[in-house]
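Given next are the chains, with one letter for each unit.
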Amino acid sequence: MKDRIQPAFPLVAEDDTGMMINMGMSLRDYFAAKALPIAVKLNTKQYDRELGNEWFWDDDEDADFAANVAYQLADAMLKAREK
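Residues numbered from 1 in each chain as written. Predicted model: local features only at pLDDT ≥ 70, side-chain atom pairs only at ≥ 80, totals over all residues. Heavy atoms only, no water.

Hey, could you go over the packing of aromatic side chains for me, with residue numbers and the actual values?
Aromatic rings considered in pairs are described by the distance between their centres and by the relative angle of their planes. Taken as a whole, this structure holds 1 aromatic pair when the rule is applied. Arranged with centres 6.2 Å apart and planes meeting at 45 degrees, the rings of Tyr30 and Phe31 form a pair that is tilted. By relative accessible area, which is 24% here, Tyr30 ends up partly exposed. (Phe/Tyr/Trp six-rings, centres within 6.5 Å; stacked < 30°, edge-to-face > 60°. Buried < 20%, exposed > 50% of the residue type's maximum accessible area, 1.4 Å probe, protein only.)

Could you give an account of a nonpolar patch on the surface, naming the residues involved and the relevant values?
A cluster of nonpolar side chains, Ile38, Leu42, Leu73 and Met77, forms an exposed patch at the surface whose accessible area comes to about 320 Å². At the level of secondary structure, the elements contributing two or more residues to the nonpolar patch comprise helix H1 (27-51) and helix H2 (59-82). For Ile38, the location among the structural elements is in helix H1. (Patch = residues over 30% accessible without salt bridge, like charges linked within 9 Å, V, L, I, M, F, W, Y side chains within 5 Å. Areas by Shrake-Rupley, 256 points an atom, 1.4 Å probe, with all protein chains shown as cover. Salt bridge = Lys/Arg side-chain N within 4 Å of Asp/Glu carboxyl O. Helix = DSSP H or I, 4+ residues; strand = E, 2+ residues; numbered from the N terminus.)

Account for H2, with residues named and values stated.
Counted at 1.5 Å a residue, the expected span for H2 with its 24 residues is 34 Å, and the 35 Å between its end C-alpha atoms agrees. Among the residues making up H2, those that are buried are Asp62, Ala66, Val69, Ala70, Ala74, Asp75 and Leu78. (Expected span 1.5 Å × (residues − 1).)

Which residues make up the environment of Lys34, and what values go with them?
Turning to its location among the elements, Lys34 is positioned in helix H1. Note on Lys34: relative accessible area 55%, which makes it exposed. Sequence-wise, Lys34 and Ala70 are 36 residues apart; in three dimensions their C-alpha atoms are separated by 8.1 Å.

Got a sec to walk through the pattern of salt bridges? Specific residues and values, please.
Considering all chains together, one arrives at 1 salt bridge under this definition. A salt bridge links Arg28 to Asp75, with the nearest nitrogen and oxygen atoms 2.5 Å apart. Highlighted residues: Arg28 in helix H1 and Asp75 in helix H2, separated in sequence by 47 residues. A relative accessible area of 15% places Arg28 in the buried class.

How would you sum up the nonpolar core? Please name residues and give values.
Core analysis: the largest hydrophobic core is formed by 11 residues, namely Ala8, Leu27, Phe31, Ala32, Ala35, Ala39, Ala66, Val69, Ala70, Ala74 and Leu78. Of all the secondary structure elements, the ones that give two or more residues to this core are H1 and H2. Sequence-distant contacts of Val69, that is, excluding residues within four places in its chain, are made with Ala39 and Leu42. (Core = buried A, V, L, I, M, F, W, Y, C linked by side-chain atoms within 4.5 Å. Contact = heavy atoms within 4.5 Å.)

So this is what it looks like as structure tokens:
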């Protein structure tokens, strides 16, 4: 799903040159940040089922998994919002 233009925490301000500054983060990024703890928890639960107590955090693989899940959840929230 394409990133939405809708900002979270928008602040529209103009400097003396007319340049717009601090437009806020995208709503998709905000939702993903909020979903990240759930994504990390899902990752640890998956390993708990597969490996018992032998699980440890593998920086690249586990971070990629958690980030992907967080954005999938964010996309689902944006889709639900459109209904």
